[in-house]
Amino acid sequence: MPDFYPPRQHALMVRSLQTIAPLVGRWRYRLRLSLTPGSLDRFREIAPHRILLLPNHPTNVDWLAMFLLSGQIREMFNYLAALERFQGRDRWWLQRVGAYSVRRGMGDRASLAQTMELLSQKKGRLVIFPEGGYSFQNDTVMPFRSGAMQLALRVLHKQSRDGAIAPPLYALPISLKYTYQGNMTPVIDQTLRRLEKALGLPRRTEDFYDRLIKVADRAMLSFEQDYGLLDKTSFLPWNERIQGIKTHVLESCEHTLGIVPAPTDPLRERVYRIQQKLADSATVASLTDSWGNDAIQTATARLLNFDAIYHGYVASDPTPERFLDTLTRLERALFGVDQPLPKGDRLVWLQIGEPVNLHDWGEAYQEARDRTTTHLTELMRQRVQDGLDEINRKLGFQARLAVPQKIPR
């Protein structure tokens, strides 16, 4: 597989796909897009300029939500996507709609250069998911990786250094929130039954939350057994238990591959370094039986799957979406499902937040590059989170699952 796939955007093809995308979204992905009030106005205000679009990444169909947005506003976007997405038949059309690849976990010079070139264009529109991967969590935003903001500021700095007056470049926070349409109680019950059967658990209660806790506990026990942690973490409070498993698996993989641990780095950064090291055939040949290629591949998939999970996510706000967020994670881990099928018809609410003109931060960047980059990255993450919170307030969910929830007789 080549190291880099550039964008080969074809305008006529993009326009044609934008026309049929709403139908494909409903038929194949059971998804419709709804923009919140004021979102279009916020985009139109900055439309004459360059825009870096920064959405959260709760599902594996967020690319479709952004493509539906591009069709609704009659714009063409470029998209940064993981190199793995370009394997197989998807590669051809991904490049034609404007996507290009990045090797996560290492310096990808070709991808970095392509990103800076797109951000330098007079009316560039670039979509980057700064969480770096799916969170499978619909109401909270994971930490943003700083690369997108770093490159955007670097482009502005270079243009200013060359003596030109750098035109505006806006960072635009995008909040994506998915809601199921219709009664999801039977789907939740069916999913719980499937997991209970796989784990050998009898259904002794009709309380959905109680059943979810029992499934999650049995799944964690199986992970702890796999990694020899039964006597070290199984007695801890849930969140400490989850973190204990993550820490042990991360450090074991890093030690096996000779990677220096970086405890302050986000989990995903560490996992991507592990995966890149594992891609080296010489590394694979030197692995031991206990932590061989397959074992590390499975471990990293589990780490990414459970990156954002924490105890209390469902109990604090027991919506159908939160139940199914958690159940989907468990299905992915237990059944090896990478791209889960939709559980029902969904509406994706998209809110465009208040943009930030990065040109206004030029002086601050020259004085303190790292601090300014970190500040703006966190500012964008917080604005995306604020957008999710605002969507939830506006929706004012009326059809919540109460805790405990009984199966209708």
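Keep in mind that what you see is a predicted model, and the values were worked out from it rather than measured. (Residues numbered from 1 in each chain as written. Predicted model: local features only at pLDDT ≥ 70, side-chain atom pairs only at ≥ 80, totals over all residues. Heavy atoms only, no water.)

Chemist: What is the right way to read the pattern of salt bridges from this model?
Modeler: Any two side chains of opposite charge can pair, so long as their charged atoms come close to each other. Here the structure, examined in full by the defined rule, presents 23 salt bridges. Glu75 is the salt-bridge partner of Arg125, the closest N and O atoms lying 2.9 Å from each other. Pair noted here: Arg125 is in strand E5 (residues 125-127) and Glu75 is in the loop between helix H3 (62-72) and strand E3 (78-82), with a separation of 50 residues, a long-range link. The exposure classification of Arg125 matches that of Glu75, with both residues buried. Note that Glu378 and Arg381 form a salt bridge whose closest N and O atoms lie 3.0 Å from each other. Here Arg381 and Glu378 lie together in helix H16 (residues 369-395), a separation of 3 residues that amounts to about one turn. Accessibility expressed as a relative area gives 15% for Arg381, which makes it buried. (Salt bridge = Lys/Arg side-chain N within 4 Å of Asp/Glu carboxyl O. Helix = DSSP H or I, 4+ residues; strand = E, 2+ residues; numbered from the N terminus. Buried < 20%, exposed > 50% of the residue type's maximum accessible area, 1.4 Å probe, protein only.)

Chemist: Would you take a moment to explain the nonpolar core for this structure?
Modeler: Side chains of a nonpolar character, in soluble globular proteins, are inclined to be buried together. With 43 residues, the main nonpolar core has Leu212, Val249, Leu327 and Leu330 as its most contacted residues. Of all the secondary structure elements, the ones that give two or more residues to this core are helix H7 (185-199), helix H8 (208-226), helix H10 (238-257), helix H11 (267-278), helix H13 (293-305) and helix H14 (320-335). The greatest single-element share of this core, amounting to 7 residues, is contributed by H8. (Core = buried A, V, L, I, M, F, W, Y, C linked by side-chain atoms within 4.5 Å.)

Chemist: Before we go on, may I ask you to explain the packing of H7 against H8 in this structure?
Modeler: Two numbers describe a pair of packed helices, the interaxial angle and the distance between the axes. For the pair H7 and H8, interaxial distance at closest approach is 10 Å and the crossing angle is 30°. H8 is crossed by H7, and the crossing has left-handed handedness. Each of Thr185, Ile188, Asp189, Leu192, Arg193, Leu195, Glu196 and Leu199 in H7 lies in contact with H8, whose residues at this interface are Phe208, Arg211, Leu212, Val215, Arg218 and Ala219. (Axes fitted to C-alpha atoms, helices over the stretch in contact; angles between N-to-C directions. Left-handed = near helix turned anticlockwise from the far one by under 90°. Contact = heavy atoms within 4.5 Å.)

Distances and angles like these do not, on their own, reveal function.
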